[in-house]
Amino acid sequence: MRNFFIIIIFPLLTILSGCDSFLAVDNIDEMSGNVFWKTKDDVEGFALSMYSEFRDATMTDCALFPVSGDFRCAPVKDYYDSGSYNWVAYLANNDLSTLLDQYSDSKFQGVTKWNTFYEVISSANILLYEIDRMDAGALTDNEIAGYKAEAHFMRNLSYFFLVRLYGDVPYWTNAYNEDALPRTDMVTVLQNCLADMQSVLDDDPNAEALPWTYANTAKVAVRAMRGSAIALMMHINLWLAGFDVNNRDTYYQNVVNLGADITANGGYQLLDLSKTNMIFSGGSKESLFEIVQDINKDEDFEYNSVYSNYTVPENLNEKVQPTIYYTSDFLRAIFPSSKIDGRTDAWFKNIYASDESSDEIKWVTKFLNEHTDADGNFTSNMGNQIVFRYADVILMYAEAAAELDDDVTGRDLVNQIRNRAGAEEFTASGQDLKDDIYWERVRELIGEGYYYYDLVRTRKIYNGNYAYNAISRSAFDQGAWTWPINKDALDNNPKMSLNQYWN
Amino acid sequence: MKKHYTYYLLIILFVVSGFNVLAQNVMVGGTVLDKDTNTPLPGVTIVAIRDTQKVVKGSVILSGTATDANGKFWIKVPSTGYKLRFTFIGYQPVWEKITKAKADYHIYMIVEDNVMDDIITIGYQQKKKQDVTSSAIKIEAKDLPDVPVQNVMELLQGRVAGLNIQQNNGTPGMAGSYVIRGLSDINVKGSGDQAYLTDTSPLFVVDGIPIDNTSNFDYEGLVAGSNVSPLAMIPQEDIASITVLKDAQATAQYGSQGAYGVILITTKRGNSMVPIISYSSSMSISTPPRLKDVVVGATERRLRVNEILNYEGNDYDAQNVINSFALLSDSLNAYYNNNTDWQDVFYRTTYNQTHNINFSGGDNDFNYKVNVGYSDSKGIVDNTGFTRYSLRTNLGYQPNEKFRISAYVNTSIGKNSTGSGNALIQTGVASGANTSSLLPPPSLYTASNATLGALSVDNKNKDLSYDASISLNYQIAKGLSFNSAISYSHSTKTEDTFEPGMLNNEKPKITSNNTFHHKIYNRNNISYNTHLGYVRFGLSLMFELSSAENSGNNLELVGLPSDVIRGPVGYTFGSSSGDAKSTDDNKSISFMVNPSFGIGSPKLSLGEDKYVFTPMIRPEASSVSGSSKKWTINPGLGFAWHFSRESFMKRYNFISSGTMRITWGRTIRQNADIYDIYGKYYIADETYNGQSVIPINLESTPNPDLKPTTNTTWNFGMDMGFLRGKYSFSMDAYYKQTDNILKTVDMANHNAFTGVKSISTSLVNKGLEFQCSARPLPVRSKLDWNISFNFAIDKNIVTALPNGVKQYTQDGSIVNRVGTNALSNFLFVNKGVYANDEDVPVDPATGLRYRIGGSNSKDAYFKAGDPIWVDVNGDYILDDNDREIVGNSQPRITGGAYNTLRYGSVSVSVSLSFTLRRDIINKTLADQFATYYDPKSLTSLAPIGAYDFWTPEHRNAKYPNPFDYKRSNLVDPFRADQTLFQEDGSYVKLNNVSLSYNVNKKYIEKFGLSQLTFRFGINNLHVFTNYSGINPENVNSLGRDVSGGYPNSRDYSFGMSIKF
């Protein structure tokens, strides 16, 4: 019997000593935070969730680029006069209240919801927090720096998008924030973002953590690159130059410095106009940052989120009109028929057709890269969504140089774009050059989600010479340039206020 | 007691040798019987003494004898002035006056009910009741009513003060709700009709092995998976006793699992030198309760037609609507001209049976038991039922005084069908039974009628389980013993459901859920007991290990070839799905140190302490808690004062026992899981750039500071017994504080995560429990009467909510507000009906009438016939801000009474239970009224003729105008969340009445039987209540009487048991 007693007690003591390992439970199908963050694969998978969430925020849950960037206050009309496309007019006339009242489509309502962008921000913050707590040796220092730079980029990109949409937004950078926050002044938000990005560049002087480009072509422009970071910083600076007017020269100077860096060291280039399709499919030498669409892997954008689905007819049926057309006034103004411009043919069909014509229908074919899947689902653009590209950077550089009265640099830069388009070079200077650069942005970046924001940041939105559907200055000052914020934001947040102009 | 048999004979011989023979002697004789079992008692000592003499030392004993093996005695006594005294160890002495020479005296003896010596098991140690300081109530099987039930817990309803059992679900094999000492959690899961309170069932320990009652991952799993309660797998015939532990000093000894109370179940063991084979069986008839009243036939059609004519707007439109709806216009069509009682199609009377064979025998050295049970009960809802097969065995062997081993092997198969519903609710039947009476009854023409789909759903739940355990006891030295138990249990539950095409868009569907559960459990303790003078000291050390694993998967196939061909699997791959879950492993390690001290006095005999002090501590580590805060510590303290043993109590000799108890205990339970603490990462369905994406789940922010829920209880108790235990009562007052209740708090939407788990919710329960029992008739009375009564009052108060807020609303109409009861009804206050349009208040600012919020249409303004809802915030708009706290969904007073009368071989027992002060929302009635919202729907109509409702002719009414259907969906006059449908849910229920008759032995002996008992019983006999619905007990845990609930049946049973 004594033996038996020992037999019982002995294993107990053994088990006791291995208490911790006994209590450790492995889960197969889901991972808890204490078993995650162990390997590079974990970090890679999590890092991709930031990009995936950004895709959801922009290309899945709402029609962000076309609705907020291209068609708002733009000289667009709908081909159908049936009433179900009234939204085009509401959007063009900045009548967002009526738009949101009458259309419950998520393509509009989604734009009022900011939580999808905050998911990106949250993931970026978690990555920055958790990667520092990982066991030493799981990643090399350079890998850690690289992932952190990507997280900083994705976080600041999201804040930039948020600010452009709503103005002041809650700003937080800690992981797992639980506090309800008020909105922070947008200038402060963007200045923080800028400082954040600057430290990424400063910590990485040799572009090792965040390289200019990737050897792995699948990652080029799909994952943040140094060029993506610089493009974002140039955009933020220009936005600040518009809203923090007292310091505008500092911001322009920043843009010039960044522009000089990227043009000298980046190795990016403008592709020939004949390679338009290559530019907008993604991954080219001109591309700086883009959102992935991969039709073959079920990673497709929402039909409504794709700009060109509005400007070419479904299934490219020539008998059918696309949803939206740019007015003849506008197209003839930016592409006068008297002047040669390769883009009129490469990017448009029937650009000079009249608005009333039913024989010749205007298409914007710039992004045309159509695909119809086995189930008959059509999209006019199966390529990636370009967020930043080199032409945009050159134009921002030109704009800032011209604003700092460096007309020579400004002109040289804008003429790079002109040359690529096969158009006549600009020779103007002073205010004319600034206008030329502005209109060149309108021409070059049409359909890429910049039209409205360029009007806003340069305040041309209340100048009838530039804006076809202007917002009055007083309305602008009351916040008419922002989007309404969904009432959900008030839930569980006593410190929150919505945009007064709209709500 | 048999051991003492020879010993007593010796005494008698000694006594007999000295008695004097007197003249005028007569011989009297008779039988001595045990009053409880009506069986003869051999070896009872009988002496004759002078009637006037008190029984004191040295009194003259005239003659003496003892009963023989058949309990018969024969004694010579003087004819007058003498009486016989019967004594037997363990029984109360009995005096019988000799009046004449009779040979057929029937003397009944009664077991001496010394409560203090009852054995109670607490913390896996057997203790005498007098050494227990906490609140524990033990009920022997013989004191349970003799009516067949599927789940033995049903019989405990109203028997234990503070154990609130509500049979709120009549699904065969399903558990009702068991709550010990009020609420412990205030979280509501699910929503609408399927909302229920987070389960806080007590821990069940069967024969020393804890079992997982809600084993299917959690209570929520019951909605989806197989749903047989593990308790329903134990046949009631096999149960020996049930003990309920209520206060935290006792439950802390079971660690975190015991946080919501502990119920110990002991099964029978062999205990007879002669092997006993007994067979018992019963047949029962289950009848459905009163069903809903509906309007039938032509009346229904007329009601619908009138409704449309009066409220469609204009006659032209109204006629159009009627004409386009064949059910109303084509009254001569045989298909639409019926008078069908749809409830009759779904509800039925069923015949059920149970059979149980028990084979047992043995003595202390070696005993065995085999119990084979079969029970079949068909549900009163068609297409539901529960069948159980069980085989339970145990063996005990004690080769010497020091060593004992016992082994248990139990297996069971449970099969049940929930039809088209699930364990909580019968949605399919609820809607099916609610079909318009104008449609034809089930026939060839209605083969594809969706209402009948509920009957063709084929739902099979199989629950196979086996468990085996072995326990060893070794006495190392005097007072020092070692005990070890090892058990293994395994159960497989499968649920296969087939839904015919008509219920699923012409796509037949099969779902299959499989879950596996297995658990290894080991417990070892060493205990030491010693005396030092009159100070007693005990120490028990325990070590416990448990490792449980749950895994499960489910498969769903949609679009099978036909309703008949249920395969092949994978036929339509695209619309089918399945997933596996294997995450629920659970391991724990715990220790317990449990010393005990007793202080007696030199005047008392050994073991009779005046003061008992029992501190204990149980550290526990569990895999749930993750790595940062693994160990939790469950402490407890108890003190008891047996004041009846004090010398100053000597003169109150009618007080046979008296104890005051005070305990404090804390149980700690980690309700958060590892994902709540560290976050949950999963592989997303979607890839990015062809690579897999692993995001974090955004439902809840990881919160590493989550502390476990602590439950601290103070308990003050008093037990007293009078007149040798003839009357006894016990009272307990408690203060239970539950802190760190886990609650999900919603967050601002800029935080990406939708919520965070918070532990800042606290709840306090205060209560009083009273329990008394009496056996008032004198022992020699042929009639035996046992009566017991108990009640418990519980009051709960929310003391803190997350983020310091004052109130939280859950599922719309339930509110948690700090300082009030935890689950208040949050309703619109109804003050009647607007008799005229002018009665509607007008906003002086706008000149507009009071209206429904959220709509600007003219229909939104209240008018005559609409309900008057109080505009609490005075903004002339009715919205959620106008709700008020009115009523408490939880019962405040519960209790019951039990009464047995036995006269010879006939016994009758009655038990009743009551629940007082509870507010119920009669959603069934609200739903019935709401059938008038759409006169074109094919649902049955409530016979509103019986209700006082508004019409233009009858303007002062209780219920709003039901016919204004064009506005009904906007105004929603019959919304359930208003005081119009809140009723007092107090009830007194006659749980059961049973009658049994023991056939006289002499008639059955020739058939080789030793006992034959016939029984008749009625279960769920009657509910006395003012509640207007069907059954105030048959409501969900949130006090909502939802129409889909499974009604409780009334069962008439006839049974017999035979012993060979």
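Residues numbered from 1 in each chain as written. Chains lettered and ligands numbered in written order. Predicted model: local features only at pLDDT ≥ 70, side-chain atom pairs only at ≥ 80, totals over all residues. Heavy atoms only, no water.

Caption draft 1: Structural view of the packing of aromatic side chains. Per the counting criterion, the structure on display carries 82 aromatic pairs over all chains. A centroid spacing of 5.9 Å and a plane angle of 20 degrees characterise the contact between B:Phe597 and B:Phe613, whose relative ring orientation is stacked. Residue B:Phe597 is found in strand β29 (residues 586–599), and its partner B:Phe613 is found in strand β30 (residues 611–613); the two are separated by 16 residues along the sequence. On the basis of relative accessible area, B:Phe613 is assigned to the partly exposed category, the value being 33%. For the pair B:Trp641 and B:Phe643, a centre-to-centre distance of 5.7 Å together with 55 degrees between the ring planes defines the contact as tilted. A connected cluster of aromatic rings, assembled from ring pairs, spans A:Phe71, A:Trp87, A:Tyr103, A:Phe108, A:Phe280, A:Tyr307, A:Tyr310, A:Trp347 and A:Phe367. Seen from the ring of A:Tyr453, A:Arg164 lies directly overhead, with NZ or CZ sitting 4.0 Å from the centre. It is B:Arg975 that lies over the ring of B:Phe828; its NZ or CZ is 5.0 Å from the centre. (Phe/Tyr/Trp six-rings, centres within 6.5 Å; stacked < 30°, edge-to-face > 60°. Helix = DSSP H or I, 4+ residues; strand = E, 2+ residues; numbered from the N terminus. Buried < 20%, exposed > 50% of the residue type's maximum accessible area, 1.4 Å probe, protein only. Lys NZ or Arg CZ within 6 Å of the ring centre and 35° of its normal.)

Caption draft 2: The arrangement of the confidence of the model for chain B in detail. Residue and element names in this part refer to chain B. Residues of chain B with pLDDT of at least 70 account for 89%, and the chain-wide mean is 82. Taken element by element, chain B is modelled with least confidence in helix α2 (residues 221–224), mean pLDDT 38, and with most confidence in strand β46 (residues 867–869), mean pLDDT 93. Below a pLDDT of 50 lies the segment residues 9–23, which in the model reaches 14 contacts outside its immediate sequence neighbourhood of four places, other chains included. Note on residues 214–226: pLDDT is under 50 here. Beyond four places in sequence and across chains, it has 36 contacts. Quick note on the complex model: pTM equals 0.81, ipTM equals 0.90. (pLDDT = per-residue confidence, 0-100. Contact = heavy atoms within 4.5 Å.)

Caption draft 3: Region of the structure containing the interface of chain B and chain A. At the interface, 59 residues of chain B touch 64 residues of chain A. Of the roughly 5200 Å² buried between chain B and chain A on both sides combined, carbon and sulfur atoms contribute 63%. The largest contributions to the chain B side of the interface with chain A come from B:Tyr681, B:Tyr688 and B:His750, which together make up 17% of the buried area. Counting across the chain B and chain A interface gives 1 salt bridge. Seen at the junction of chain B and chain A, the total is 18 residue pairs in polar contact (both at pLDDT 80 or more). Of the residues assigned to the side of chain B that touches chain A, the class counts are 31 nonpolar, 21 polar and 7 charged. Note that strand β1 (residues 31–32) of chain A and strand β34 (residues 680–681) of chain B share 2 bridges and pair antiparallel. Bridging across to β34(B), A:Ser32 finds its partner in B:Lys680. (Buried area = accessible area lost by both parts, 1.4 Å probe. Salt bridge = Lys/Arg side-chain N within 4 Å of Asp/Glu carboxyl O. Polar contact = N/O pair within 3.5 Å; in protein donor to acceptor, adjacent residues only side chain to side chain. Nonpolar A, V, L, I, M, F, W, Y, C, P; charged D, E, K, R; others polar. Pairing = 2+ DSSP bridges.)

Caption draft 4: Spotlight on a negative patch on the surface. Taken together, the side chains of A:Asp249, A:Asp405, A:Asp406, A:Asp412 and A:Glu425 make up a negatively charged region of the molecular surface. A residue is classified by how much of its surface remains accessible, and A:Asp249, at 47% relative accessible area, is partly exposed. (Patch = residues over 30% accessible without salt bridge, like charges linked within 9 Å, V, L, I, M, F, W, Y side chains within 5 Å. Areas by Shrake-Rupley, 256 points an atom, 1.4 Å probe, with all protein chains shown as cover. Lys, Arg positive; Asp, Glu negative; His and termini not counted. Charge placed at Lys NZ, Arg CZ, Asp CG, Glu CD.)

Caption draft 5: Just the sheet that holds strand β43 (residues 824–828) of chain B, in detail. Residues and elements named next belong to chain B. Spatially, the 4 strands line up as an open sheet ordered β41-β42-β43-β48, and their pairing is antiparallel. Both outer strands of the open sheet, β41 (807–810) and β48 (883–888), are each paired with one neighbouring strand and no more. Across this sheet, the average inter-strand angle for adjacent strands is 40 degrees, counted without regard to direction. Pairing analysis gives 4 bridges linking β43 to β48, with the strands arranged antiparallel. Bridge pairing in β48 places Phe-826 opposite Ile-885. (Axes fitted to C-alpha atoms, helices over the stretch in contact; angles between N-to-C directions.)

Caption draft 6: Representation of the environment of A:Ala63 within the structure. Residues and elements named next belong to chain A. Relative to the elements of secondary structure, Ala-63 occurs in the loop between α3 (40–60) and α4 (64–70). Residue class for Ala-63 comes out buried when judged on its relative accessible area of 0%. Between the alpha carbons of Ala-63 and Ser-305 there is a distance of 3.8 Å; along the sequence they are 242 residues apart. Contacts of Ala-63, omitting those with residues within four sequence positions, involve Ser-68, Lys-107, Asn-304, Ser-305 and Tyr-310.

Caption draft 7: Focus on the nonpolar core. Counting residues in each nonpolar core, the largest one holds 194 residues, and the members touching the most others are A:Phe153, A:Leu157, A:Tyr159, A:Trp239, A:Phe388 and A:Trp483. No other element matches the 13 residues that helix α9 (residues 141–166) of chain A contributes to this core. Excluding anything up to four places from it in sequence, A:Phe153 contacts A:Met197, A:Ala224, A:Ser228, A:Ala229, A:Leu232, A:Phe289 and A:Phe388. Core analysis: the second largest hydrophobic core is formed by 43 residues, B:Phe346, B:Tyr347, B:Tyr965 and B:Tyr1046 among them. (Core = buried A, V, L, I, M, F, W, Y, C linked by side-chain atoms within 4.5 Å.)

Caption draft 8: Molecular detail of unusual backbone geometry. All names here are of chain B. One non-glycine residue, Arg-181, lies in the positive phi region at around 55 degrees. Structurally, Arg-181 is set in the loop between β12 (177–180) and β13 (188–189). A positive phi is found at Asp-972, a non-glycine position, where the angle reads about 50 degrees. Position of Asp-972 among the secondary structure elements: in the loop between α12 (965–971) and β52 (982–984).

Caption draft 9: Up close: the pairing of strand β1 (residues 25–34) of chain B. Residue and element names in this part refer to chain B. For β1, the buried fraction is high: 7 of the 10 residues fall into the buried class. Judged from the 7 bridges that link them, β1 and strand β4 (residues 72–78) form a sheet pairing that is antiparallel. The residue of β4 that forms the bridge with Gly-29 is Trp-74.

Caption draft 10: Representation of the packing of helix α17 (residues 390–403) of chain A against helix α18 (residues 407–421) of chain A. Residue and element names in this part refer to chain A. Here α17 crosses α18 at 155 degrees, and the two axes come no closer than 7 Å. Compared by their axis directions, α17 and α18 come out roughly antiparallel. In terms of crossing hand, the pair formed by α17 and α18 is left-handed. Taking contact as the criterion, the partners of Ala-391, Ile-394, Leu-395, Tyr-397, Ala-398, Ala-401 and Ala-402 in α17 are, on α18, Asp-407, Thr-409, Gly-410, Leu-413, Val-414, Gln-416, Ile-417 and Arg-420. Class assignment for the residues of the contact of α17 with α18 results in 10 nonpolar, 3 polar and 2 charged. (Parallel < 35°, antiparallel > 145°, perpendicular 65-115°, else oblique. Left-handed = near helix turned anticlockwise from the far one by under 90°.)

Caption draft 11: Local environment of helix α10 (residues 186–202) of chain A. Residues and elements named next belong to chain A. With 17 residues, α10 should reach 24 Å at 1.5 Å per residue; the first-to-last C-alpha distance of 24 Å fits that figure. When we look at burial in α10, the residues that qualify are Met-186, Val-187, Val-189, Leu-190, Cys-193, Leu-194, Asp-196, Met-197, Val-200 and Leu-201. Buried residues along α10 sit against α9, α11 (226–243) and α12 (248–265). (Expected span 1.5 Å × (residues − 1).)

Caption draft 12: Representation of the pattern of salt bridges within the structure. Residue and element names in this part refer to chain A. Enumeration according to the criterion identifies 61 salt bridges over all chains in this entry. The residue Lys-366 makes a salt bridge to Glu-448 at a minimum N-O spacing of 2.7 Å. In this pair, Lys-366 sits in the loop between β6 (363–364) and β7 (371–372) while Glu-448 sits in the loop between α19 (430–444) and α20 (451–457), placing the two residues 82 residues apart along the sequence. This pair shows no difference in class: Lys-366 is buried, exactly as Glu-448 is. One network of salt bridges, in which partners are shared, links Glu-286, Asp-341, Arg-343, Lys-366, Arg-389, Arg-418, Arg-420, Glu-440, Arg-443, Glu-444 and Glu-448.

Caption draft 13: Focus on the side chain of B:Ser546. As for its placement among the helices and strands, B:Ser546 is situated in strand β27 (residues 535–558). Taking relative accessible area as the criterion, B:Ser546 reaches 12% and is therefore assigned buried. In this view, B:Ser546 contacts A:Phe22, B:Lys519, B:Ile520, B:Tyr521, B:Asn586, B:Lys587 and B:Ser588; residues no more than four positions away in its chain are not counted.

Caption draft 14: Layout of the packing of α18(A) against α19(A). All names here are of chain A. Where α18 contacts α19, the two axes come as close as 11 Å, and the packing angle between them is 30 degrees. Considered as vectors, α18 and α19 are oriented roughly parallel to each other. In this structure, the crossing between α18 and α19 has a hand that is left-handed. Within the contact between the two elements, α18 uses Asp-407, Gly-410, Arg-411, Val-414, Ile-417, Arg-418 and Arg-420 and α19 uses Gly-430, Leu-433, Ile-437, Glu-440, Arg-443 and Glu-444. Class assignment of the residues belonging to the contact of α18 with α19 gives a composition of 4 nonpolar, 2 polar and 7 charged.

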